[in-house]
Amino acid sequence: MMNEMQILEGSKAVALTVRSCRVDVISAYPITPQTHIVEDLAQMVADGETDAEYIKVESEFSALSALVGASAAGARTYSSTTSQGLALMFEVLFNASGMRLPIVMTTVNRSLSAPLSIWNDQQDSISVRDAGWIQLYAENNQETSDLLPIAYKVAEDKDILLPAMCCMDGFVLTHTFEPVEIPEQSLVDEFLPSYQPKYVLDPKNPLTFGAYADPSIYMEFRYQQHDAMLKAYEKFEEVAKEFEKVFGRKYDLVEEYKIEDAEIVLISMGSIVGTMKDAVDELRKGGEKVGILKIISYRPFPAEKIYEAIKDAKVVVVLEKDVSVGMEGGLLSDIKSFMYNREDRPPIVGFSVGLGGRDVTIGDIKGLVSKVKRAEAEEFEFLNLRREVL
Amino acid sequence: MSLFAQGHTACGGCGMPIAVKLVLGGSGENSIVVSPTGCLEVTSTRYPQSAWGVPWIHSLFENAAAVASGIETALKVKGKKANVLVIGGDGATVDIGIRALSGMFERGHNVTYVCYDNEAYMNTGVQRSGSTPYGASATTSPAGKLSFGEDKPKKDTPAIAAAHGIPYVATASVGYPKDIVKKVKKAQEIVGPKYIQILAPCPTGWRFDGSKTIKLAKLAVETALFPVYEIENGEITKVKKIKERKPVEEYLKLQGRFKHLFKENKDQIEVIQKMADANAEKFGLDG
Ligand SMILES: Cc1ncc(C[n+]2csc(CCOP(=O)(O)OP(=O)(O)O)c2C)c(N)n1
Ligand code: SF4
Ligand SMILES: [Mg+2]
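The rules behind these values
- Residues numbered from 1 in each chain as written.
- Chains lettered and ligands numbered in written order.
- Predicted model: local features only at pLDDT ≥ 70, side-chain atom pairs only at ≥ 80, totals over all residues.
- Heavy atoms only, no water.
- UniProt positions renumbered as here; feature names shortened; annotations may be inferred.
- Donors = N, O, S within 2.8 Å, 3.2 Å for Na, K, Ca; no water.
- Helix = DSSP H or I, 4+ residues; strand = E, 2+ residues; numbered from the N terminus.
- Buried < 20%, exposed > 50% of the residue type's maximum accessible area, 1.4 Å probe, protein only.
- Near = heavy atom within 4 Å.
- Polar contact = N/O pair within 3.5 Å; in protein donor to acceptor, adjacent residues only side chain to side chain.
- 1 Å grid on protein atoms, 1.4 Å probe; cavity = no way out; pocket = protein on both sides within 12 Å on 5 of 7 lines; lining within 4 Å.
- Points joined across faces, edges and corners; volume = space filled by probe spheres on them.
- Nonpolar A, V, L, I, M, F, W, Y, C, P; charged D, E, K, R; others polar.
- Patch = residues over 30% accessible without salt bridge, like charges linked within 9 Å, V, L, I, M, F, W, Y side chains within 5 Å.
- Areas by Shrake-Rupley, 256 points an atom, 1.4 Å probe, with all protein chains shown as cover.
- Salt bridge = Lys/Arg side-chain N within 4 Å of Asp/Glu carboxyl O.
- Lys, Arg positive; Asp, Glu negative; His and termini not counted.
- Charge placed at Lys NZ, Arg CZ, Asp CG, Glu CD.
- Pairing = 2+ DSSP bridges.
- Axes fitted to C-alpha atoms, helices over the stretch in contact; angles between N-to-C directions.
- Contact = heavy atoms within 4.5 Å.

- Looking at an unreviewed UniProt entry, one finds chain B named Pyruvate synthase subunit beta and attributed to Candidatus Methanolliviera hydrocarbonicum.

- Per an unreviewed UniProt entry, chain A goes by the name Pyruvate synthase subunit PorA and belongs to Candidatus Methanolliviera hydrocarbonicum.
- Regarding chain A, the relevant UniProt record gives this comment under Catalytic activity (unreviewed entry): "2 oxidized [2Fe-2S]-[ferredoxin] + pyruvate + CoA = 2 reduced [2Fe-2S]-[ferredoxin] + acetyl-CoA + CO2 + H(+)".

## Things to note about the coordination of the magnesium ion (ligand 3)
Residue and element names in this part refer to chain B.
Then comes step 1: In this structure, D90 (OD), N118 (OD1) and A120 (O) serve as the protein donors to the magnesium ion (ligand 3), at separations of 2.0 to 2.1 Å.
Then comes step 2: Each donor residue of the magnesium ion (ligand 3) lies on one chain, and together they are spaced D-x27-N-x1-A. You can see D90 sitting in helix α4 (residues 90–95) and its partner A120 sitting in the loop between β4 (111–117) and β5 (143–144), a full 30 residues away along the chain.
Then comes step 3: You can call D90 buried: its relative accessible area is 1%.
Then comes step 4: On the basis of relative accessible area, A120 is assigned to the buried category, the value being 6%.

## Structural notes on the site of ligand 1
Then comes step 1: Within the structure, ligand 1 sits among 18 residues, and B:G91, B:A92, B:Y116, B:A120 and B:N123 are positioned closest to it.
Then comes step 2: Mapping the residues near ligand 1 onto chains gives chains A and B.
Then comes step 3: At 3.1 Å, a side-chain N or O of B:D90 approaches an oxygen atom of ligand 1.
Then comes step 4: Here B:G91 contributes a backbone N or O atom positioned 2.8 Å from an oxygen atom of ligand 1.

## Here we look at the layout of surface pockets
Residues and elements named next belong to chain A.
Then comes step 1: Volume-wise, the largest pocket comes out at about 1500 Å³.
Then comes step 2: Contributing to the lining of the largest pocket are 46 residues, with G98, M99, R100, G210 and F221 lying nearest its centre.
Then comes step 3: Those elements giving two or more residues to the lining of the largest pocket turn out to be α3 (60–72), α5 (90–98), β9 (208–209) and α9 (218–247).
Then comes step 4: Among the residues making up the lining of the largest pocket, the classes are represented as 23 nonpolar, twelve polar and eleven charged.

## Looking at a negative patch on the surface
Residues and elements named next belong to chain B.
Then comes step 1: On the surface, E249, E250, D267 and E270 cluster together to form a negatively charged patch.
Then comes step 2: Of all the secondary-structure elements, those providing two or more residues to the negative patch are α10 (248–252) and α11 (266–283).
Then comes step 3: Mapped onto the elements, D267 comes out in helix α11.

## Section: the sheet that holds strand β4 (residues 77–82) of chain A
Residues and elements named next belong to chain A.
Then comes step 1: Taken together, the seven strands give an open sheet; going across it, the order is β3-β2-β4-β5-β7-β6-β13, and neighbouring strands pair in mixed fashion. The sheet terminates laterally at β3 (53–55) and β13 (297–299), the two strands that pair on one side only. When the angles between neighbouring strand axes are averaged without regard to direction, this sheet yields 20 degrees.
Then comes step 2: Taken together, the two bridges between strand β2 (residues 25–27) and β4 define a ladder with parallel strand orientation. Bridge pairing in β4 links I26 to Y78.
Then comes step 3: Against the sheet, helix α7 (residues 141–156) contacts β4, β5 (104–109), β6 (134–137) and β7 (164–169), and its axis sits at roughly 175 degrees relative to β7.

This is the structure we're talking about:
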C-alpha cells in the first residue's frame, strides 16, 4: 500500500481527505476553531489542486442551503462548521435529511454561547441529535480523516441517502499536529466511486423536490428516514469492512478497549477517549478491572453493541461533554433508555465533563473511577465543578 | 407537457400563477426552478401532485437564493447548462431571505431571481411584509382606532438589488404579459444575477373581486404606485411611460385593504398621491 504517513494539523488532514474524496461543491463559512479546514480548502481551490468549486457564502445558513441545491443537482458536497454555525443551520439540517440528500459535513465540536466560549465540548452536535443526520465521532486525526470517505460511502448508498456529520473536537483535534496517513488517491477512488444519484434536478426529466405533505402521508416520510438510519447500522459495518480491505485500518460503530473482564466500563466519544485509555492503562497496572467503550457512531445508535459490551459489568460510567439542562447528558439518557427493558442491567452513572474546554486529565478520570468504586458518585453530576465560585 | 399545469389550488383570479406561466414562457423548458415557502409552493406541490413541468425544488422560506446558488454551481462543475431561476414571494425575498439574496447577488451567480410581489405574507393569512404598501391594512398592520394600517412605505427592493451592481434589474406587472416574457428572455441572455419583481395582485389578501386582477395590475402602474422600469448595470435604461396618469384613489378604492382610508383617514390618500407623484418624477413616467 502506498499510503504516506505525514505529520499534519488535524484541519489539514481533513482538507486533504475532502479533496481526495473528489468533492464537487464546497460551501462553508468561517468560525473558530473550524477556520483552518475551510482556509485550507479555499487555498486548494485557489491553487487549482482540486476541481471542486468553493461557494463563498454569507452565512452558515446559506452554506448548507447551497449544498441542498448542489446535492439535489447531483453534486458531491461538503461543508464544515461548529457551535453557533451549526445552531444557525438548524432548520436546514432537518431539511437536508428530509430531502434525503447525502451531504457530508465536518462538525468541529465547540460549546454554545452564552457565555461565549470558543473552546471544545460537544453540546453543539448532541443538540442536533434528532435532525436525521448520521453522527460519527473521531478520537484522533487518523479517524477524522478516515471517517470522511466512510461517511460518504454510507450516506450515498441508495438504501441510506442520509446526510452525515463527522465530529471532531475543536482545538484538541483541529489544531493538533499528529502523524496521519492520508489515503492515496487511487485507493480512495477504488473505495469511493463517483456519486451517481438516481434522482436529480434535470430538465430532461423534470422532478419535483420538496413538495409538502399533508397528514395522510407525512408520517411515512419520517418513518422512511427512521428506517434508513436503522439500516445505516449494518451499512456502516459493511462499508468499514471494505475500508479495511483497501486501507488496512479497522473501524466499527464502537471500539472496545480492555473491556473483556472489566468490572467498570467507561463510555465516551471523541478525543477524550485518548486520555481515558491512558488512565485505564494506569488503573490496570494497579489491578483495577476497568475498560472503555468508545462510541464512534452516535447515530445510527449502536444499541446492541453497547449492550453486549456492558451487560456483564458491575457499573457503567458515561462521560460526556454536553448536558440536557435540568436532566443529564444526552448519551447517558440514550444508554439508560434502551437498557431499561433488558434483563442484565448494570447500574449506570454519568458525568458531564470538560464543558467549555475545561481540561480533563488522567488524574480526573482516575479520581472519577475511584469515586464510582466507593459508591459515592451521583446518578449524574458535573465533574470538577469549582464550587468556591458558585 | 405544460411547464406549469392547470389544477394548482391558487384562489380564482390569483395573479401569481399568471406571473409563473409568463416567466416560464420566457425561460422555456431548459429551466430549473427554486421556490421558497409561500402560496406558490403550497398551491402547486401537494404531495404526490405537482403542477411543475420543469424540475423544481422547495427547501425553506428564507434560503431560495442560496439553494439556487448551489444548483448553479453544481451545474458548472458537472458541465451542464440550464436556466436557474428562483420564483418566490415578496416575504421570502425582501424580508427573511434578503441575506441569502444579497449573497447570491454579490457572488455573481448566473441566476434569474423572480419575486412575485403580492405585497404581504399571503400564505399565512395576509400579514404585512416589507413590500406591503403604505396605508394598506394587513393582519399584523391592521387599521384600527389608532392606526391607518401599514405606516411605512414599501421597501425599494429593486434599488437594493441594483446597488449590488448586478447587470439586470427590472419590475413588471401581470397587467402587461408580453412585457414579462420579454424581460425574462432578456434576463436569460445576460450572464450573472438578474432580479425581476412582478406585481401579482392577490384577490384574497387585497380584498377585491377575482375578475379584476388584470385591471388592478394595470392601475397600479397607471397611477405610478408601481413603476415599471429596467436597470442595466446600474443605469435606468427603460421606463414604462404613462399617457394619462390616474389618481391613486382609482386604484385604492377597488381594494378592501385600503377601504379604511376612505373613512377616517382621507389625509393619508393625499400622502399616497404624493408618493405616486414622487415616483413619476423620479422615473420620468409621465408622457
Ligand atoms: C422560518 C420561517 N418563518 C415563518 C414561516 C411561515 N411562513 C410560511 S410562508 C410565509 C409567508 C410567505 O409570504 P411571501 O413570501 O410573500 O409569499 P406568499 O405566500 O405571499 O405568496 C410565512 C410567514 C416559515 N415557513 N418559515
Ligand atoms: S391567497 Fe392570494 S396569492 Fe395566495 S393563492 Fe390566494 S390569491 Fe393567490
Ligand atoms: Mg407575498
